[in-house]
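Chain by chain, the residues:
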Amino acid sequence: MHDKKGVSMRQFHSTMSRRDFMKNLGLAGAGIGAAASFPAFHDIDELTVLSANNPKRPWWIRERDQDNPTTEVDWNIYKPYDQRNFRTGEYTSTWNGTLEKIGEIYGTTDKNELNARWINDNVPGSTLKDLALSNAVAAAPRASNTFLGPSVSTPTQIGVVNWAGSPEENFKMIQVASRYLGAWKVSALEITDKSRRMFYANDGDRDLVFDDVDTPSQTNTSYIIPNKFRWALNIMHRQPESSARTAPGHLMGSSLIYHNYTSANVSHRIQAFIKGLGYSALDVPSASCGLSIMSGLGENGRAGFAITPENGPMMRISSTFITDLPLSPTFPIDAGLNRFCYDCRKCADHCPTQSIMSQREPGWDITGPWNSEGIRTWAFNNPKCDPIRKAYAPGYCSICQSVCVFTKFDEAIIHDVVKFTASTTGIFNGFFRNMDDMFGYAKNSGYLQAHTEDDYPQQWWDTIGPEYGLHQY
C-alpha cells in the first residue's frame, strides 16, 4: 500500500504522537511549544522514508534567499580578504606563542625528534604504521591546478559549436559529471556585488581584477577576470570519516592528505570538462567556506568551517571556479546547524590551544588581521592553532572536526532525530550535546593527554572499512 506521495505505508508500524515521542526522549515536561515544534509523523521509520522523497537534500532543510545565510553579514563592512594579512608580525608573534607552549610541554619543537619519540612510545595515532600510512597517501601524484586550467581539445579546435543548454540543464550536467569524476556535491551561485566579495583580493602575490574584457588572462601581478563571467561553481569533497575521527595523530592527518590529493585531481578534471564544452573555469583564491555557505552546501560553525547536514564538518571545498557557463543557482540553507553551535561548545571545550571562542553567541569582534571583518561569528584564531594543527598534537590535530556532534555516521536513527529536531527548534541543543557525551563520543584530547581516555586509532586498525574510508549514506 502506498500513500499519494508514493511512500510505502508498510513501514508505518505504529502511530506515535509528538507527546509520546517527547516522553520517550525523556523530555515530556519540555512544554507545549517544544512539542509543537516537532513535525508530525507516524513513527521513527517514517522519518527516514520521508527524506527519500527529496533525493537532493533531507526534507527538513529549508532554503533561504540569495545572499542571506544564517550567519549575519554586514555588507557595508565586509570586503574581499587580503591574503597578505597572513604575513603580518602579529600573525608571526601569535604563532610563536603556541610554539613556545609546545616547547614547554615536549621539551623540543623538532618534528623529527618528536615523531621518533611518539613512535618509540607507541603513542596511538602516531605510531610507525600511522605515519607510514599518512606518507603512503601523499606518495600518489597530485594535480597542480592553475588559474586557466589544463589544455584540452575545445569545440573550436574540433570544428563544432560550444555546448548550449539552459542554466538548469547545465547545472544538472555538472552535478552528474562531477559526481562521476569523484566530487561529493557541487553548488553554484550567481556572482552579485555581495558574493563577489567572497573572492580574495589576492593570493598573496597576484591581485584578482574583474574587468570589462572578453577573455581571462594572467600576468605576473594579476588574474584578469571578465565581468561577464557571472557564475561561481563550488566543488565539495568528503574526508574519510572513520580515520578523521581518530584525531589527533598521523592517522587523522592521512584523512586530510587523502582529501587534498584526490580532490586536486578531481577539480583538475572538472575544470578540463568545462573547458571541453567551450567555456572557461577559472580556479581563483576565495573564501571557500563562505562561498559554500552562500550557496547552500552547509552552515557556518563555531570552529570556523562549514557544517553540512549530511556529514557535519567532514567536508572540504577543493576548488571554486568562476565560469561563463550559465548555471542555475543554489541558495543558502537553514538546517539549524549554526543555531546548534550556540549551546554546544564541544569543539571549543576540546581545543588544545583555545583557538575557538567559547562565548555562547557569535559576535562582530575579530581575533586579528587574519579574520575578515563584517561577519557575526565566532572568530577563529588561526595562528594560535596552526602550529599544533600541522604537527604537534601529537601529529595532525583537527580535534574540532572529530568531536563535532554532527561528525557521526547515520547508522543510528538517533542521529537523524537530532538533525531534524535541531533544524526545527534550538531548545534541545544542550541536551543533544550532553547526550553525545553520554554515548561516549568524542573523548579526543591533545598534547600529553592524547588518547589517554580513548582507543579510537586502535579501533580503526581493528576494522576493515569501506573503500577509500568513505562510508555510504
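Residues numbered from 1 in each chain as written. Predicted model: local features only at pLDDT ≥ 70, side-chain atom pairs only at ≥ 80, totals over all residues. Heavy atoms only, no water.

## Brief notes about the packing of aromatic side chains
Inspection of every chain in the model, using the stated rule, returns 14 aromatic pairs. Among the aromatic residues, those joined into a cluster by ring pairs are Tyr81, Phe86, Tyr91, Trp95, Tyr200 and Trp370. The lysine or arginine in question, Lys185, covers the ring of Trp184, its NZ or CZ lying 4.9 Å from the ring centre. (Phe/Tyr/Trp six-rings, centres within 6.5 Å; stacked < 30°, edge-to-face > 60°. Lys NZ or Arg CZ within 6 Å of the ring centre and 35° of its normal.)

## Overview of unusual backbone geometry
Residues Ala247 and Pro248 are joined by a peptide bond in cis, for which omega reads 0 degrees. One can find Pro248 in the loop between α9 (241–244) and α10 (250–276). A cis amide bond links Ala393 to the next residue, Pro394, at an omega of 10 degrees. Here Pro394 lies in the loop between α14 (382–390) and α15 (399–403). A positive phi is found at Ser398, a non-glycine position, where the angle reads about 60 degrees. Mapped onto the secondary structure, Ser398 falls in the loop between α14 and α15. You will see that Tyr468, though not glycine, has its phi angle at about 60 degrees, which is positive. (Helix = DSSP H or I, 4+ residues; strand = E, 2+ residues; numbered from the N terminus.)

## Some remarks on the packing of helix α4 (residues 89–106) against α14
Two elements in contact, α4 and α14, have axes separated by 7 Å at closest approach and are oriented at 45 degrees. In this view, α4 runs oblique relative to α14, as classed from their interaxial angle. In the packing of α4 onto α14, the handedness of the crossing is right-handed. Together, Tyr91, Thr94, Trp95, Thr98, Leu99 and Ile102 of α4 and Asn382, Pro383, Lys384, Asp386, Pro387 and Ile388 of α14 make up the contact between the two elements. Among the residues forming the contact of α4 with α14, the class breakdown is seven nonpolar, three polar and two charged. (Axes fitted to C-alpha atoms, helices over the stretch in contact; angles between N-to-C directions. Parallel < 35°, antiparallel > 145°, perpendicular 65-115°, else oblique. Left-handed = near helix turned anticlockwise from the far one by under 90°. Contact = heavy atoms within 4.5 Å. Nonpolar A, V, L, I, M, F, W, Y, C, P; charged D, E, K, R; others polar.)

## A look at the pairing of strand β5 (residues 222–226)
The buried fraction of β5 amounts to five of the five residues, a majority that puts the element mostly inside the structure. The alternating pattern of β5 places Ser222, Ile224 and Pro226 on one face and Tyr223 and Ile225 on the opposite face, and all of these are buried. Here five bridges tie strand β3 (residues 207–211) to β5, and the two strands are oriented parallel to one another. In the strand pairing of β5, Leu208 is matched with Tyr223. (Buried < 20%, exposed > 50% of the residue type's maximum accessible area, 1.4 Å probe, protein only. Pairing = 2+ DSSP bridges.)

## Points about the side chain of Ser402
Mapped onto the elements of the fold, Ser402 is located in helix α15. The exposure class assigned to Ser402 is buried, which follows from its relative accessible area of 3%. Excluding residues within four positions of it along the chain, Ser402 makes contact with Ala244, Arg245, Thr246, Ala247, Met252, Met314, Thr407 and Asn444.

## Focus: the pattern of salt bridges
Summed over the entire model, instances satisfying the criterion amount to twelve salt bridges. With its nearest N and O atoms 3.4 Å apart, the salt bridge here joins Glu361 to Arg376. Of this pair, Glu361 sits in the loop between α13 (346–350) and α14 while Arg376 sits in the loop between α13 and α14, placing them 15 residues apart in sequence. A relative accessible area of 23% means that Arg376 is categorised as partly exposed. Salt bridges sharing common partners tie together Asp343, Arg360, Glu361 and Arg376. (Salt bridge = Lys/Arg side-chain N within 4 Å of Asp/Glu carboxyl O.)

## Here we look at the sheet that holds β3
If you trace the three strands from one edge of the open sheet to the other, you get β3-β5-β4, paired in mixed fashion. Edge positions in the sheet fall to β3 and β4 (217–218), since each has one partner strand and no second.

## Things to note about helix α6 (residues 128–137)
Buried within α6 we find Asp130, Leu131 and Ser134. Around the axis of α6, the buried residues are gathered within 95 degrees of arc, so they sit on the same side. Buried residues along α6 sit in contact with α5 (111–120), α10 and α18 (456–461). (Arc of directions from axis to C-beta.)

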